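# Chain and residue survey
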Amino acid sequence: MTLDEAKQMTLINLTTKKETSPVTDKLVSQLDEFCKSNDSVKSHEIVHNVFYIKFKKKDYWEKFLPIIRKKCNQLSQNEKGVNVYLVGDEFAYDIVDIREEV
């Protein structure tokens, strides 16, 4: 399976369960700016409200998780959770309602 096929399968699994997106344009903008200014981020992209981030060091994904969770909860009236999946050499951060966090 190619990386693009794996991403597509992940997106299908992640997005079919959502009724409304917890991701706002403001959050996308803030996370995009954070990734651009962070030396630990090798590359990033946002596809269907899932943040795919490739880090220079794989262990950084754990340090990024509380940051993304904090930003989500600052911009939302409802508490949000973040599920993280490894897709190829990227980490997929899926922002969900806190009750859906795994």
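All values derive from a computational prediction rather than experimental measurement.

## Overview of the overall build of the chain
Counting its regular elements, the chain contains 3 helices and 4 strands. Its helices and strands taken in sequence order, the chain reads α-α-β-β-α-β-β from the N to the C terminus. When the 102 residues of the chain are sorted by exposure, 37% land in the buried category. Counted over contacts in the chain with a minimum sequence separation of 6, partners at least 24 positions apart contribute 52%. Summed over all atoms, the accessible surface of the chain reaches about 6300 Å², with 48% contributed by carbon and sulfur.

## Some details on the pairing of strand S3 (residues 80-87)
Taken together, the 8 bridges between S3 and strand S4 (residues 90-97) define a ladder with antiparallel strand orientation. Along S4, the bridge assignment pairs valine 87 with glutamate 90. Counted along the chain from S3 to the antiparallel partner S4, the turn is 2 residues long, and its residue glycine 88 has a positive phi close to 65°.

## What about the pattern of salt bridges?
Following the criterion strictly, the structure yields 4 salt bridges and no others. Aspartate 89 serves as the salt-bridge partner of lysine 54, at 3.3 Å between the closest nitrogen and oxygen. Taken as a pair, lysine 54 in strand S2 (residues 50-55) and aspartate 89 in the loop between S3 and S4 lie far apart in primary sequence, 35 residues in all. A salt bridge links arginine 69 to glutamate 101; the shortest N-O distance between them is 2.7 Å.

## Some points on the nonpolar core
Residues Ile53, Phe55, Phe64, Ile68, Tyr93 and Ile95 are the most contacted members of the largest nonpolar core, which totals 17 residues. With 5 residues, the top contributor of residues to this core is helix H3 (residues 60-74). Setting aside anything within four residues of it in sequence, one finds isoleucine 53 in contact with Cys35, Val41, Ser43, His44, Phe64, Glu90, Phe91 and Tyr93.

## Remarks on the sheet that holds strand S1 (residues 41-47)
What the 4 strands build is an open sheet, ordered S1-S2-S4-S3; its pairing is antiparallel. Looking at the sheet topology across the chains shown, the edges are occupied by S1 and S3. This sheet shows a mean twist of 25° between the axes of neighbouring strands, independent of strand direction. Examined bridge by bridge, S2 and S4 share 4 bridges and lie antiparallel to one another. For isoleucine 53, the partnering residue across the bridge sits in S4 and is phenylalanine 91. Contacts from H3 reach S2, S3 and S4 within the one sheet, and its direction differs from that of S3 by about 150°.

## Digging into the confidence of the model for the chain
For the chain, the average pLDDT comes to 80, and 77% of its residues sit at 70 or higher. Within the chain, the lowest mean pLDDT, 58, falls on helix H1 (residues 3-15), and the highest, 92, falls on S2. Confidence drops under pLDDT 50 across residues 16-20; counting only partners more than four residues distant or on other chains, this segment forms 10 contacts.

So, how was this worked out
Residues numbered from 1 in each chain as written. Predicted model: local features only at pLDDT ≥ 70, side-chain atom pairs only at ≥ 80, totals over all residues. Heavy atoms only, no water. Helix = DSSP H or I, 4+ residues; strand = E, 2+ residues; numbered from the N terminus. Buried < 20%, exposed > 50% of the residue type's maximum accessible area, 1.4 Å probe, protein only. Contact = heavy atoms within 4.5 Å. Areas by Shrake-Rupley, 256 points an atom, 1.4 Å probe, with all protein chains shown as cover. Pairing = 2+ DSSP bridges. Salt bridge = Lys/Arg side-chain N within 4 Å of Asp/Glu carboxyl O. Core = buried A, V, L, I, M, F, W, Y, C linked by side-chain atoms within 4.5 Å. Axes fitted to C-alpha atoms, helices over the stretch in contact; angles between N-to-C directions. pLDDT = per-residue confidence, 0-100.

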